[in-house]
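# Structural characterization, general
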Amino acid sequence: MEEVDFAEFPSTSAAASGRFFERAFGWTVTPYGPDYTDVRAAGLTLGFQSDPAEQPRAPLVTIRTDDLAAARTAVEAAGGVVTKEPFAFPGGRRFHFREPGGSELAVWSPEA
């Protein structure tokens, strides 16, 4: 099953972004070092990336899947272009792709 469950945003301060959403809405914040923070809202997690080398240029919507390889095959068969090969991150693996209209998204799978 594939579902949108994550959106990553560029940030000048991941910690400040996390504190904002914690204070404003009471959402749960999980920092992953000085440059990355997850913020868990009802049904969706927001990520804030402040490492300039890793920041997305625009918000990055991420789709969860149980089978990363099958999702990649489906993305490419539908005309998507992989822009970042699969890589590990805390919690799983993901790849990025550009859909035919030009938007970049990602697909991730939790650790087995």
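Residues numbered from 1 in each chain as written. Predicted model: local features only at pLDDT ≥ 70, side-chain atom pairs only at ≥ 80, totals over all residues. Heavy atoms only, no water.

Overall, the coordinates contain seven aromatic pairs when judged by the stated rule. An angle of 85 degrees between the planes, with centres 4.8 Å apart, marks the rings of F20 and F21 as edge-to-face. Cation over ring: R94 sits above F89, and NZ or CZ is 5.6 Å from the ring centre. (Phe/Tyr/Trp six-rings, centres within 6.5 Å; stacked < 30°, edge-to-face > 60°. Lys NZ or Arg CZ within 6 Å of the ring centre and 35° of its normal.)

Inspection of helix 2 (residues 68-77) places L68, A71 and V75 among the buried residues, and these make up the whole buried set. Projection of helix 2 onto a plane perpendicular to its axis shows the buried side chains occupying an angular sector of 60 degrees, all on one side. Away from its buried face, by an angle of more than 90 degrees, helix 2 presents the exposed residues A69, T73 and A77. Summarising the contacts, the buried residues of helix 2 are in contact with strand 6 (81-89), strand 7 (92-98) and strand 8 (104-110). Looking at where helix 2 begins, the residue whose side-chain oxygen comes 3.3 Å from the main-chain nitrogen of A69 is D67. Where helix 2 terminates, the next one or two residues include G79, which has phi positive at roughly 105 degrees. (Buried < 20%, exposed > 50% of the residue type's maximum accessible area, 1.4 Å probe, protein only. Helix = DSSP H or I, 4+ residues; strand = E, 2+ residues; numbered from the N terminus. Arc of directions from axis to C-beta. Contact = heavy atoms within 4.5 Å. Polar contact = N/O pair within 3.5 Å; in protein donor to acceptor, adjacent residues only side chain to side chain.)

For helix 1 (residues 14-25), with 12 residues, the first-to-last C-alpha span of 17 Å sits near the 16 Å given by 1.5 Å per residue. Within helix 1, burial applies to A14, S17, G18 and F21. Down the axis of helix 1, the buried side of the element spans an arc of 100 degrees, and every buried residue falls inside it. Among the residues trailing helix 1, G26 stands out with phi positive, at a value near 75 degrees. (Expected span 1.5 Å × (residues − 1).)

Read these as layout, nothing more, since geometry by itself doesn't imply function.
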